[in-house]
Amino acid sequence: MGTIVEFKNVTKIFSSAYGTTKALDDVNLQINEGDIYGVIGMSGAGKSTLIRCINLLEKPTSGEVITDGDDLMTLSERQLREKRKHIGMIFQHFNLLMQKNVVDNVAFPLTAAGVPRKEARAKATELLEVVGLKEKVKSYPASLSGGQMQRVAIARALAQDPKILLCDEATSALDPETTASILNLLQKINREYNITIIIITHAMSVVRKVCSHVAILSDGKIVETGLVNEVFDNPKTEEGRLLISKAEESERREKEQKGV
Amino acid sequence: MWSQEVINMIIQGIGETLKMTVFSCLFGYLFGIPLGVILSTTDVNGLTPNKYVYKVLDFITNIVRSVPFLILLILLIPFTRALVGKSYGSTATIVPLTVAAIPFIGRMVESSLNEVDRGVIEAARSMGISNFKIITRVMLVETRVSLMTGITIAFGTILGYSAMAGTVGGGGLGDIAVRYGYYRYQTDIMIVTVVLLILLVQIFQTVGMRIAAKTDRRIK
Ligand SMILES: Nc1ncnc2c1ncn2[C@@H]1O[C@H](COP(=O)(O)OP(=O)(O)OP(=O)(O)O)[C@@H](O)[C@H]1O
Ligand SMILES: [Mg+2]
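Here the structure is a predicted model, which means the values were calculated and not measured.

Student: Could you give an account of the overall build of chain A, with specific residues and numbers?
Tutor: Per the secondary structure count, chain A includes nine helices and ten strands. In terms of overall dimensions, chain A has a C-alpha envelope of 55 × 55 × 45 Å along the principal axes. When contacts within chain A are restricted to residue pairs at least 6 apart in sequence, those whose partners lie at least 24 apart make up 68%. For chain A, the exposed surface amounts to about 11900 Å²; the carbon and sulfur share of it is 47%. Looking at charge distribution, chain A has the averaged site of its 34 positive side-chain charges lying 6 Å from that of its 34 negative ones.

This is the structure in structure tokens:
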């Protein structure tokens, strides 16, 4: 299977009145079709910036981002919007439309693109069945739990028939059980629809559970990439060792405290 | 005292006040919504930041908002006359009322739109939705409760302005209150018209707020 996302020497510099931050520093990355690719790193390492470059919500200062065959930096605004229609994205805080009911939230990417409402709703209803929310079709997001809202967001992303699904801390606001069920759902989507999934997370356990590959980001630089088992069991760099041992240590302690 | 004539005059006054308020609100929103949308989207944190457009509109909006309404009304007399043929009476008063309402409404629309969760806009952008559709299908829809509350406030404020215009022959209930209460010392007529003004504001406030709350899907 081919490469679906490729970063070539991507650098992103934010400049503000307070100075400049190099959020991404000469990042090279290759993600293959069908992967569940995890990106981990400390807070501020540049994870969100990296994932937002994949659909060019954030424009790199220099370098190339090749997503699904196109160098995004060369696309016109219109072409870029067309491209984004096939890249789903889910977020930590779900970002649902609070004034629309569940089915209209899922149908939204379609109706906004001009698909007739009836057709869009039919597809949305099907997808809500896929994510296990058939009985919530008419509910409003405010009445749902976090896990349910994330399922709605996933169904909404699926409505776009994406080839790639970007997840920025998608389980960080959820409890461990709900996290597990959302991760199962992501795995199912990856298998059944052959959607490449890119997951940004603080939680090593998330990477261990679902990812095939992982990249470690530290201070805007990719310090390590590879198969999850290889990287986790045998980190080659100091940053990797530190991050993995520290994080797993604290996760273990957290679990013990909760008496799990 | 309470002759048929006076009663008719008061009924006509109510009609004129409502006409001035409703039309000024309507025209105010016709221009105020685009103004608010541009202010909100060109803001530094907006959808398409544009320092220059924002600064110019922000400045003009502030200027018009700082001019006391009565002064604005007088300053606009030539403009009003050019537009409707005369500068007094309820129809003519719609012109300065609208001019005063536009920046006021624009600000309220701006602040409503600024309430939209940035994450939601980000999600819409990630779906490949154009900025125009993000405004019309996301921002204006997600903030409809706040916009509705704004309409209620605008209505009350414009109604108050219309009464002020009465002091210089603008027609409506304010006109009656001044002519009878102030110039002829008929306090009872003045009190009745003031009570009517209060009632009108109260009714619209209550109805508007109730509609706003009813259409809100966030509380369930
Ligand atoms: N819009 C912006 N303007 C200025 N600086 C920014 C902006 N976005 C991110 N940064 C900076 O870039 C760096 C990387 O931020 P980023 O959000 O990508 O980190 P992250 O790894 O996602 O962190 P977290 O785990 O806390 O979400 C940080 O130092 C951040 O302060
Ligand atoms: Mg982040």
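Having seen the structure, we can now continue with the description.
Student: Provide a residue-level description of the overall build of chain B, including the pertinent values.
Tutor: Counting its regular elements, chain B contains ten helices and zero strands. Start at the N end of chain B and walk to the C end: the helices and strands fall as α-α-α-α-α-α-α-α-α-α. Dimensions of chain B, computed from the C-alpha atoms along their principal axes, are close to 70 × 45 × 25 Å. Taking all 220 residues of chain B together, the buried fraction comes to 46%. Taking the intrachain contacts of chain B between residues at least 6 apart in sequence as the baseline, contacts between residues at least 24 apart amount to 76%. With the model as given, the accessible surface of chain B reaches about 11200 Å², and the carbon-plus-sulfur share is 68%. Separation of charge centres in chain B, based on 19 positive and 12 negative side chains, amounts to 4 Å.

Student: Residues and numbers for the environment of Asn234(A), please.
Tutor: All names here are of chain A. For Asn234, the position within the fold is in the loop between α8 (228-233) and α9 (238-258). Residues Asn234 and Phe14, 220 residues apart in the sequence, show an inter-C-alpha distance of 34 Å. Discounting chain neighbours no more than four positions away, the residues touching Asn234 are Glu224 and Asn229.

Student: Please provide a residue-by-residue account of the pairing of strand β6 (residues 87-91) of chain A, values included.
Tutor: Residues and elements named next belong to chain A. Burial of β6 is extensive: five of the five residues sit out of reach of the surface. A two-sided burial pattern is seen for β6, the buried positions comprising Ile87, Met89 and Phe91 on one face and Gly88 and Ile90 on the other. In the sheet, β6 pairs with strand β7 (residues 164-168) via five bridges, with the strands oriented parallel. Bridging across to β7, Phe91 finds its partner in Asp168.

Student: Which residues make up the sheet that holds strand β5 (residues 70-71) of chain A, and what values do they have?
Tutor: Paired through backbone hydrogen bonds, the strands of a sheet run either parallel or antiparallel to each other. Residues and elements named next belong to chain A. Within the open sheet, the four strands sit side by side as β2-β1-β4-β5. Their pairing is antiparallel. The two strands at the open ends of the sheet, each matched to only one other strand, are β2 (19-32) and β5. When strand β1 (residues 3-16) meets β2, the two strands line up antiparallel, connected through ten bridges. By the bridge assignment for β2, Ser15 is matched with Thr20.

Student: I'd like to hear about the pattern of salt bridges, residue by residue, with values.
Tutor: Here the structure, examined in full by the defined rule, presents 16 salt bridges over all chains. The salt bridge involving Arg241(A) is made with Glu238(A); its shortest N-O contact spans 3.4 Å. Here Arg241(A) and its partner Glu238(A) are both found in helix α9, three residues apart, which amounts to about one turn of the helix. Among the ionic pairs, Arg218(B) bridges to Asp216(B), the shortest N-O distance being 3.0 Å.

Student: Describe the pairing of strand β8 (residues 196-201) of chain A, with residues and values.
Tutor: Residues and elements named next belong to chain A. Here β8 lies mainly inside the structure; six of its six residues are buried. Burial along β8 is two-sided: Thr196, Ile198 and Ile200 and Ile197, Ile199 and Thr201, pointing in opposite directions, are all buried. Where strand β3 (residues 36-41) and β8 come together, five bridges link them in parallel fashion. Of the residues in β8, the one forming a bridge with Val39 is Ile200. Handedness of the crossover joining β7 and β8 through helix α6 (residues 176-193) is recorded here as right-handed.

Student: Can you lay out the interface of chain A and chain B for me, pointing to particular residues and giving the numbers?
Tutor: Counting residues at the interface gives 24 residues for chain A, matched by 23 residues for chain B. Both sides together, the interface formed by chain A and chain B hides about 2200 Å², and carbon and sulfur atoms give 56% of it. On the chain A side of the interface with chain B, the three residues burying the most area are Gln99(A), Phe108(A) and Tyr140(A), jointly 29% of the side's total. Taken together, the links from chain A to chain B amount to one salt bridge. Across the pair Arg52(A) and Glu122(B) runs a salt bridge whose closest N-O atoms are separated by 2.6 Å. Here chain A and chain B share ten residue pairs in polar contact (both at pLDDT 80 or more) between them.

Student: Got a sec to walk through the site of ligand 1? Specific residues and values, please.
Tutor: All names here are of chain A. The environment of ligand 1 is formed by 13 residues, the closest being Ser43, Gly44, Lys47, Ser48 and Thr49. One nitrogen or oxygen atom from the side chain of Ser48 is found 2.8 Å from an oxygen atom belonging to ligand 1. Considering ligand 1 on its own, with 630 Å² of exposed area, one finds that the protein chains cover 61% of that surface. If you list the elements that add at least two residues to the shell around ligand 1, you get β2 and α1 (47-54). Here the shell around ligand 1 takes three residues from α1, the largest share from any one element. Looking at the shell around ligand 1, its residues break down into four nonpolar, seven polar and two charged.

Student: How would you sum up the side chain of Asp104(A)? Please name residues and give values.
Tutor: Inspection of the secondary structure assignment puts Asp104(A) in helix α3 (residues 102-112). Ignoring sequence-local partners within four residues, the contact set of Asp104(A) consists of Arg117(A) and Arg121(A).

Rules of the game
Residues numbered from 1 in each chain as written. Chains lettered and ligands numbered in written order. Predicted model: local features only at pLDDT ≥ 70, side-chain atom pairs only at ≥ 80, totals over all residues. Heavy atoms only, no water. Helix = DSSP H or I, 4+ residues; strand = E, 2+ residues; numbered from the N terminus. Contact = heavy atoms within 4.5 Å. Areas by Shrake-Rupley, 256 points an atom, 1.4 Å probe, with all protein chains shown as cover. Lys, Arg positive; Asp, Glu negative; His and termini not counted. Charge placed at Lys NZ, Arg CZ, Asp CG, Glu CD. Buried < 20%, exposed > 50% of the residue type's maximum accessible area, 1.4 Å probe, protein only. Pairing = 2+ DSSP bridges. Salt bridge = Lys/Arg side-chain N within 4 Å of Asp/Glu carboxyl O. Right-handed = clockwise from strand over helix to strand, strands pointing away. Buried area = accessible area lost by both parts, 1.4 Å probe. Polar contact = N/O pair within 3.5 Å; in protein donor to acceptor, adjacent residues only side chain to side chain. Near = heavy atom within 4 Å. Nonpolar A, V, L, I, M, F, W, Y, C, P; charged D, E, K, R; others polar.

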